[in-house]
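Remarks on the overall topology
These are the residues of each chain, in order.
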Amino acid sequence: MMRLGVLASGSGSNLQAILDACAQGRIAAKVSAMICNVPGARALERAKAANVPAILLPHGAHPLREEYDARLVEELRRHDVNLVCLAGFMRIVTPVLLRAFPERVLNIHPSLLPAFPGMHAVRQALAAGVRISGCTVHLVDEGTDSGPIVVQAAVPVLDGDSEETLAARILVQEHRAYPRAIDLVASGRATAAGRKVSVRATVGDPARTIASPPLDDG
Ligand code: GAR
């Protein structure tokens, strides 16, 4: 069974979705450790409530990113983690982490990458006036939100959306997309070859359309 290490900085709602999916047997994995860099973050409480080791590792004590990541690797190894999931972890990770877990670090981002990488992705999407946005789960490489894409889910942007309402609509899909991506990677059904991930899963209706606004008023 795949042993997950989840890294979070905030509310931890994606962590919760992963914990729930493991508990319900929807993914053949268990969360072996949760590491958080922000004291008091709700993610810590969620891990404790699920009886998962909740490790607070504030980054302030390690001014060098590489030094901090070496501590992360130490903790992840101590808990025998073999797949690392960044879930609202608001830190840029370095090759120190990536080389310790090659092609075994996932991230979730609240946009349809490669659109709107980096900070404030939902704000960027609204400012650009796109009519469809969503979330992306991708393997992490050395760039910012640039690694091979495993799963994307799209939502409409509605007239009158604020950053909060659009982020909330995207978050609902994040909670479905992240467990799905973990399952695909953990089961070996999603494999990366260069920039592209090939996925062995049902295709669904290849003619289906996600349009915003809908393509007719029916
Ligand atoms: C999520 O929307 C996630 O996509 C985003 O932070 C939020 C964390 O929420 N991540 C990024 O913006 C990374 N660049 P959560 O703590 O409730 O899971």
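Our subject is the structure that appears above.
In this text the structure is predicted, and so the values were computed from the model without any measurement. (Residues numbered from 1 in each chain as written. Predicted model: local features only at pLDDT ≥ 70, side-chain atom pairs only at ≥ 80, totals over all residues. Heavy atoms only, no water.)

Quick look at the layout of surface pockets now. Size it by volume and the largest pocket reaches roughly 1000 Å³. Surrounding the largest pocket, 38 residues form its lining, Gly88, Phe89, Met90, His109 and Pro110 being those nearest its centre. Elements supplying a minimum of two residues to the lining of the largest pocket: helix 1 (13–23), strand 5 (105–109), helix 5 (121–128) and helix 6 (163–186). With five residues, the single largest contributor to the lining of the largest pocket is helix 6. A breakdown of the residues in the lining of the largest pocket according to their chemical character gives 14 nonpolar, 16 polar and eight charged. Estimated volume of the second largest pocket: approximately 510 Å³. Considering the residues around the second largest pocket, the lining is formed by 18 residues, among which Val151, Gln152, Arg180, Thr202 and Arg208 are closest to the centre. Elements that contribute at least two residues to the lining of the second largest pocket include exactly strand 7 (149–156), helix 6 and strand 9 (196–199). Sorting elements by how many residues they give to the lining of the second largest pocket places strand 7 first, with six residues. Of the residues contributing to the lining of the second largest pocket, the split by class is 12 nonpolar, three polar and three charged. (1 Å grid on protein atoms, 1.4 Å probe; cavity = no way out; pocket = protein on both sides within 12 Å on 5 of 7 lines; lining within 4 Å. Points joined across faces, edges and corners; volume = space filled by probe spheres on them. Helix = DSSP H or I, 4+ residues; strand = E, 2+ residues; numbered from the N terminus. Nonpolar A, V, L, I, M, F, W, Y, C, P; charged D, E, K, R; others polar.)

Let us look at the site of the ligand. Ser11, Gly12, Ser13, Asn14, Gly88, Met90, Ile108, His109, Pro110, Leu171 and Glu174 make up every residue found near the ligand. One of the side-chain N or O atoms of His109 is found 3.3 Å from a nitrogen atom in the ligand. For the ligand, whose free accessible area comes to 450 Å², the fraction covered by protein is 82%. More than half of the atoms of the ligand fall within 2 Å of the grid points belonging to the largest pocket. Of the residues belonging to the shell around the ligand, the class tally is four nonpolar, six polar and one charged. (Near = heavy atom within 4 Å. Polar contact = N/O pair within 3.5 Å; in protein donor to acceptor, adjacent residues only side chain to side chain. Areas by Shrake-Rupley, 256 points an atom, 1.4 Å probe, with all protein chains shown as cover. Sits in = over half its atoms within 2 Å of the grid points.)

For the rest of this paragraph, the subject is the environment of Thr165. The topology assignment puts Thr165 in helix 6. Thr165 gets classed as partly exposed once you look at its relative accessible area, which sits at 38%. A C-alpha to C-alpha distance of 28 Å links Thr165 and Ile35, two positions 130 residues apart in sequence. (Buried < 20%, exposed > 50% of the residue type's maximum accessible area, 1.4 Å probe, protein only.)

Moving on, we come to the sheet that holds strand 4 (residues 83–86). The sheet built from seven strands is open, its strands ordered 3-2-1-4-5-6-7 with mixed pairing. A strand with exactly one partner marks an edge of an open sheet, and here the two such strands are strand 3 (54–56) and strand 7. Averaged over all pairs of adjacent strands, the angle between their axes in this sheet comes to 20°, without regard to strand direction. Sheet topology places strand 1 (residues 2–8) next to strand 4; four bridges connect them, and they run parallel. When the bridges of strand 4 are listed, Leu7 appears paired with Leu86. (Pairing = 2+ DSSP bridges. Axes fitted to C-alpha atoms, helices over the stretch in contact; angles between N-to-C directions.)

As far as function goes, none of this settles anything; it's purely spatial.
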